[in-house]
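Close look at the chain arrangement
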Amino acid sequence: MTRFGYTLMTEQSGPRELVGYAQQADRLGFDFAVSSDHFFPWLEEQGHSPYAWSVLGAVAQATEHLQLMTYVTCPTIRYHPTVVAQKAATMGLLSQNRFTLGVGAGENLNEHVVGERWPAVGERHDMLEEALEIIHQLLTGDRVTYDGGHFRVDSARLWDVPEVPVPIGVAVSGAQSVSRFSALADHLIAVEPDADLVRRWDEAREGLEPTIKVIGPSRKIGQIPISWAPDRGEAVARAHEQFRWFGGGWKVNADLPTTESFDAATQFVRPEDVAEAIPCGPDLDAVVEAASAYWEAGFTDVAVVQVGDALQQRFLDEAAGPLLERLRAAAPSD
């Protein structure tokens, strides 16, 4: 059965608002909620960026059923992997095993703030691999000493570790990252409905030892932005204002350091360009059609992003429930 989630966009809403949105998503029956983990928004117009882990801790106490997930955390520069492991273990306990740690190789936008250089993608993947090895070891509750090419850990131990291990998802984009990280994570995370990516992931995991495999099937978790509004023109304008950064693609976006960089890189993106990529307006069937590409590609989980804070509450009040019903009616049920 395809599961549907709600996205807590820390770049576009304040922390108290995000907790309230999560509570309503829980009441509406969304299966899970994913949270971005940024220090900066992509664009000045978005206007927010609270600390995701504080928000998630509050959401864990304010909700009952929602599975929670970072989408995604970079455990290499702004955060040392030992700290990420501690945060993940604590979230596992606070949420009563409703938390999944989603990780990725990061974006310069968020990582440059600590004053370190921004590595090339190959080095970032080397760092992520070491980070995942450290996180896995610490989540067992054992004492860990590690001496790698990028990270050192000196006799570290987590004292509060959930009995059920925290699942880990990793953002991948191609054959190289799949082959490298499929043995170090339980679930696949991707931003495009790529059936070949899913196939490669499943094939790579077929050869793993049972002790490495996650209990139950590996999830494939995607995300789709939408701009719902009663008026399509308003929806397109808001999508362009808030989400025009989306058109650059992650190979470009990962290297840009500031909101000014994103503004310059997207100055020639037109509203109609954004509307071609993001369902805009009141037509919920158009959202279902766009989302169907994910389950047709083999994804098991799809998180919806309602673009912008301005109509977020109205989306939850008026459109989210009917949209959830239509998504579940259209998606595979077994």
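Above: the structure in question.
A brief report on the enclosed structure follows. Counting of residues starts from 1 at the beginning of each chain's written sequence and follows it residue by residue. pLDDT decides what is reported in this predicted model: residues at 70 or higher carry local features, side-chain atom pairs at 80 or more are listed and counted, and totals for whole chains, interfaces and linings draw on all residues regardless. In computing side-chain properties, one takes all heavy atoms of the structure into account and sets aside hydrogens as well as water.

1. Some words on the overall build of the protein chain
Our working definition: Only DSSP runs of H or I reaching four residues or more are called helices, and only runs of E reaching two or more are called strands; each is numbered from the N terminus. Relative accessibility thresholds used throughout: buried, under 20% of the residue-type maximum; exposed, over 50%; partly exposed, between the two (1.4 Å probe, protein chains only). Note on definitions: a residue-residue contact is assigned when non-hydrogen atoms from the two residues lie within 4.5 Å. We get accessible surface area from the Shrake-Rupley algorithm with a probe of 1.4 Å; when it comes to residues, only the shown protein chains can shield them.
Along the protein chain, the regular secondary structure elements total 13 helices and ten strands. The principal-axis extent of the C-alpha atoms belonging to the protein chain is close to 60 × 45 × 40 Å. By residue count, 54% of the 334 residues in the protein chain fall in the buried class. For the protein chain, the share of sequence-separated contacts (at least 6 apart) that also reach a separation of at least 24 residues comes to 76%. When the accessible area of the protein chain is evaluated, it comes to approximately 14,500 Å², of which 50% is carbon and sulfur surface.

2. Digging into the nonpolar core
Condition: Put simply, a nonpolar core is a bunch of buried Ala, Val, Leu, Ile, Met, Phe, Trp, Tyr and Cys residues held in one set by side-chain atoms that sit within 4.5 Å of each other.
Core analysis: the largest hydrophobic core is formed by 77 residues, its most contacted members being L68, F99, L101, F315 and L323. Sequence-distant contacts of L323, that is, excluding residues within four places in its chain, are made with I226, L284, V287, V288, V304 and F315. Ranked by size, the runner-up nonpolar core spans 19 residues in total, among them M9, W42, L43 and I278.

3. Quick look at the sheet that holds strand 7 (residues 168–171)
Each strand in a sheet pairs with its neighbour through backbone hydrogen bonds, running either in the same direction (parallel) or in the opposite one (antiparallel). Condition: Following DSSP output, two strands are said to pair if at least two bridges run between them. Comment: axis = line fitted to C-alpha atoms, over the contacting stretch for helices; angle = value between 0 and 180 degrees taken between N-to-C directions.
Pairing in this closed barrel of eight strands is parallel, and the strands run 1-2-3-4-7-8-9-10 around the ring. Each neighbouring strand pair of the sheet contributes to a mean axis angle of 25°, computed without reference to strand direction. Across four bridges, strand 1 (residues 3–8) lies against strand 10 (residues 301–306) in parallel orientation. Looking at strand 10, one finds that G5 is bridged to A303. Of the strands in this sheet, strand 1, strand 9 (220–226) and strand 10 touch helix 13 (residues 312–330), which is tilted by about 160° from strand 1.

4. Examining the packing of helix 12 (residues 284–296) against helix 13
Quick note on the threshold: Comment on the angle field: the value is read as roughly parallel under 35 degrees, roughly antiparallel over 145, roughly perpendicular from 65 to 115, and oblique elsewhere. Handedness of a helix crossing follows the sense of rotation of the near helix relative to the far helix, less than a right angle counterclockwise being left-handed and clockwise being right-handed. Under this grouping Gly is polar, as are all residues other than the nonpolar Ala, Val, Leu, Ile, Met, Phe, Trp, Tyr, Cys and Pro and the charged Asp, Glu, Lys and Arg.
In contact at an axis separation of 10 Å, helix 12 and helix 13 are set at 45° when each is read in the N-to-C sense. By the angle between their directions, the pair helix 12 and helix 13 is classed as oblique. With respect to the hand of their crossing, helix 12 and helix 13 are arranged in right-handed fashion. For the pair helix 12 and helix 13, the contacting residues are L284, D285, V287, V288, A291 and W295 in the first and A319, P322, L323, R326, L327 and A330 in the second. Here the contact of helix 12 with helix 13 is composed, by residue class, of ten nonpolar, no polar and two charged.

5. What about unusual backbone geometry?
Residue V72 follows Y71 across a cis peptide bond; omega there is -5°. Within the secondary structure layout, V72 lies in the loop between strand 3 (67–70) and helix 3 (81–94). Non-glycine residue S155 carries a positive phi angle of around 50°. Note on placement: S155 falls in strand 6 (residues 152–156). Using a relative accessible area of 35% as the deciding quantity, one classes S155 as partly exposed.

6. Digging into the pattern of salt bridges
Any two side chains of opposite charge can pair if their charged atoms end up close together. As a reminder of what qualifies: Salt bridge, as used here, is a side-chain nitrogen of Lys or Arg placed within 4 Å of a carboxyl oxygen of Asp or Glu.
A full pass over the atoms with the stated rule returns 20 salt bridges. Across the pair R326 and D285 runs a salt bridge whose closest N-O atoms are separated by 3.0 Å. In this pair, R326 is assigned in helix 13 and D285 in helix 12, connecting sequence segments 41 residues apart. Taking the relative accessible area as the measure of exposure, R326 reaches 37% and is therefore partly exposed.

7. Notes on helix 2 (residues 52–62)
Within helix 2 the residues assigned to the buried category are A52, W53, V55, L56, G57, V59 and A60. On its buried face, helix 2 is in contact with strand 1, helix 1 (15–28), strand 2 (32–35), strand 3, helix 3 and strand 4 (99–103).

8. Section: empty space enclosed by the protein
Operational definition: A cavity, in this analysis, means grid points on a 1 Å lattice covering only the protein atoms where a 1.4 Å probe fits yet has no way out; a pocket is instead an open set bounded by protein on both sides within 12 Å along at least five of seven lines, and a residue lines either one if it has an atom within 4 Å of a point. Grid points are joined across faces, edges and corners, and a volume is the space filled by probe spheres set on the points.
Within the structure shown, the criterion is met by one cavity of 30 Å³ or more. The calculated volume of the largest cavity comes to roughly 30 Å³. Lining the largest cavity we find R3, F32, Q67, L68, M69, R98, T100 and R219. For the lining of the largest cavity, the leading source of residues is strand 3, giving three residues. Its residues assigned to classes, the lining of the largest cavity shows three nonpolar, two polar and three charged.

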